[in-house]
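Each chain, letter by letter, is given below.
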Amino acid sequence: NAGVTQTPKFRILKIGQSMTLQCTQDMNHNYMYWYRQDPGMGLKLIYYSVGAGITDKGEVPNGYNVSRSTTEDFPLRLELAAPSQTSVYFCASNYLQGRNTEAFFGQGTRLTVV
Amino acid sequence: SQKIEQNSEALNIQEGKTATLTCNYTNYSPAYLQWYRQDPGRGPVFLLLIRENEKEKRKERLKVTFDTTLKQSLFHITASQPADSATYLCALDQAGTALIFGKGTTLSVSS
């Protein structure tokens, strides 16, 4: 059982470049999330999705876009990368039923924008 | 919007002692509250969930309490070990939708 899989694990981008962070889960979870974590800080919510075709902004959505065409996949798109987007990005998912179940996290993507 | 505060950024204790971590939240009371462990370079891992109608929950050496009047949860690790050293995150739902996290408390257990 793979759980939540994120790719790539590491990436260096130049300012102004674009990229997509991939996230896939095989647990048939309704909810999926993207967080960023800066050194010494907690997880800040970028975007989340409550199901295929439905997405919503979190606390820090500027500079990012998402889509949810299937239950399994929730890619995060960075357009025109900026140094402020240097961070570790985590994808997570959990199950809607009762909305009280544990969230599973991917291993993270460490992104550096130079 | 809902806010979460974990009062201590760092907590240092000796092996064998009980570690107590605090999580406070503002605004409405969530239906449940969760605690996660995060090791350096890894994603958070779920530890315990407590519902609003539960005052206390235990799992092995871990205990969580939930006081909706004080808007506070306490997380206890008894008989702490160096292997318990990690960052512990409190999480709850944002208006019944997305899961949001506190900044975490980094626990160091010395032998």
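Before reading on, note that the structure itself is shown above.
Residue positions are counted from 1 within each chain, in the order its sequence is given. Both sets of labels track the order of writing: A upward for chains, 1 upward for ligands. Side-chain atom pairs in this predicted model are given and counted only at pLDDT of 80 or more, local residue features only at pLDDT of at least 70, and totals for whole chains, interfaces and linings cover all residues. To obtain the side-chain values, all non-hydrogen atoms of the structure were used and water was disregarded.

Participant: Could you clarify how one ought to interpret the overall build of chain B in this entry?
Facilitator: Put simply, DSSP H or I for four residues or longer makes a helix, DSSP E for two residues or longer makes a strand, and each gets a number counted from the N terminus. Within chain B, the secondary structure is distributed over zero helices and eleven strands. The secondary structure elements of chain B, listed N-terminal to C-terminal, are β-β-β-β-β-β-β-β-β-β-β. Values of the radius of gyration come from C-alpha atoms, whereas the globule rule sets the reference at 2.2 Å times the count of residues to the power 0.38. A globule of 111 residues ought to have a C-alpha radius of gyration of about 13 Å, and chain B, at 13 Å, matches this closely. Oriented by its inertia axes, the alpha-carbon framework of chain B measures out at about 40 × 30 × 20 Å.

Participant: What should I look at first to understand the overall build of chain A in this one?
Facilitator: Along the backbone of chain A there are zero helices and eleven strands. A compact globule built from 114 residues should have a C-alpha radius of gyration of about 13 Å, and chain A, at 13 Å, falls within 12% of that. C-alpha extents for chain A along the principal axes are approximately 40 × 25 × 25 Å. For each residue, the accessible area found with a 1.4 Å probe, counting protein chains only, is set against the maximum for its type, and the residue is called buried under 20%, exposed over 50%, and partly exposed in between. Looking at chain A residue by residue over its 114 residues, the buried ones come to 44%. When the accessible area of chain A is evaluated, it comes to approximately 5,500 Å², of which 51% is carbon and sulfur surface. Positive charges are assigned to Lys and Arg, negative charges to Asp and Glu, while His and the chain termini are left out of the count. A charged residue contributes its charge at one atom only: NZ of Lys, CZ of Arg, CG of Asp or CD of Glu. Of the side-chain charges in chain A, 10 are positive and 8 negative, and the distance between the mean point of each set is 8 Å. What sets the accessible areas is the Shrake-Rupley method with a 1.4 Å probe; for residues, cover comes only from the shown protein chains.

Participant: It is not clear to me how the state of the cysteines should be interpreted in this structure. Could you clarify?
Facilitator: Here, the word disulfide means a covalent bond between the sulfur atoms of two cysteines. Residue and element names in this part refer to chain A. Working definition: a disulfide is two cysteine sulfur atoms within 2.5 Å of each other. This structure, assessed with the given rule, holds two disulfides over all chains. For Cys23, the disulfide goes to Cys91, at an S-S distance of 1.8 Å. As the torsion about the S-S bond is roughly -70 degrees, the Cys23-Cys91 disulfide counts as left-handed. Of this pair, Cys23 sits in strand 3 (residues 19-25) while Cys91 sits in strand 9 (residues 87-94); the two residues are 68 residues apart in sequence, bridging distant segments of the chain. For Cys91, a relative accessible area of 0% corresponds to the buried category.

Participant: Explanation requested: the interface of chain A and chain B in the structure shown.
Facilitator: It is common to report an interface's size as the accessible area lost on association of the parts. Contact definition: two residues touch when any of their heavy atoms are within 4.5 Å. Across the contact, 18 residues belong to chain A and 20 residues belong to chain B. Both faces considered, chain A and chain B share a buried interface measuring about 1,600 Å² in area, 55% of it formed by carbon and sulfur atoms. Between Lys or Arg on one side and Asp or Glu on the other, a salt bridge is scored when a side-chain nitrogen of the former is within 4 Å of a carboxyl oxygen of the latter. Viewed at the interface, chain B and chain A are joined by zero salt bridges. Within the residue set of the side of chain A that touches chain B, elements represented by two or more residues are strand 4 (31-37) and strand 5 (43-51) of chain A. Counting residues per element, the side of chain A that touches chain B draws most heavily on strand 4 of chain A, at four residues. Looking at the side of chain A that touches chain B, its residues break down into ten nonpolar, six polar and two charged. Buried area is calculated as the accessible area (1.4 Å probe) missing from two parts once they are joined, with the contributions of both summed. Basically, the charged four are Asp, Glu, Lys and Arg, the nonpolar ten are Ala, Val, Leu, Ile, Met, Phe, Trp, Tyr, Cys and Pro, and anything else, Gly included, counts as polar.

Participant: Is there a simple way to explain the side chain of A:Ser49 in this structure?
Facilitator: Residues and elements named next belong to chain A. With respect to the helices and strands, Ser49 occurs in strand 5. Judged by relative accessible area, which is 0%, Ser49 ranks as buried. Beyond its immediate chain neighbours, meaning those up to four positions away, Ser49 contacts Asn30, Tyr31, Met32, Ile54, Thr55, Arg68 and Phe74.

Participant: Quick question: what am I supposed to make of the sheet that holds strand 8 (residues 72-77) of chain B here?
Facilitator: All names here are of chain B. When DSSP finds two or more bridges between two strands, those strands count as paired. With antiparallel pairing, five strands are arranged side by side in an open sheet as 1-3-8-7-6. Looking along the sheet, the strands with just one partner apiece sit at the ends: strand 1 (4-5) and strand 6 (56-59). As defined by bridge partners, strand 1 adjoins strand 3 (residues 19-25) across two bridges and the pair is classed as antiparallel. For Glu5, the partnering residue across the bridge sits in strand 3 and is Asn24.

Participant: Teacher, can you tell me more about the layout of surface pockets here?
Facilitator: Over the atoms, a rolling probe the size of a water molecule traces out where space has been left empty. Using a grid of 1 Å spacing that covers the protein atoms alone, one calls a set of points a cavity when a 1.4 Å probe fits there but cannot get out, and a pocket when the set is open and has protein on both sides within 12 Å along at least five of seven lines; lining residues are those with an atom within 4 Å of a point. Grid points are joined across faces, edges and corners, and a volume is the space filled by probe spheres set on the points. Considered as a void within the structure, the largest pocket measures approximately 1,200 Å³ in volume. Together, 49 residues line the largest pocket, and A:Gln37, A:Met41, A:Gly42, A:Leu43 and A:Lys44 are the ones closest to its centre. Only strand 4, strand 5, strand 9 and strand 11 (109-113) of chain A together with strand 1, strand 9 (86-94) and strand 10 (98-101) of chain B provide two or more residues apiece to the lining of the largest pocket. Class assignment for the residues of the lining of the largest pocket results in 17 nonpolar, 21 polar and eleven charged.

Don't take any of this as a statement about function, it's just geometry.
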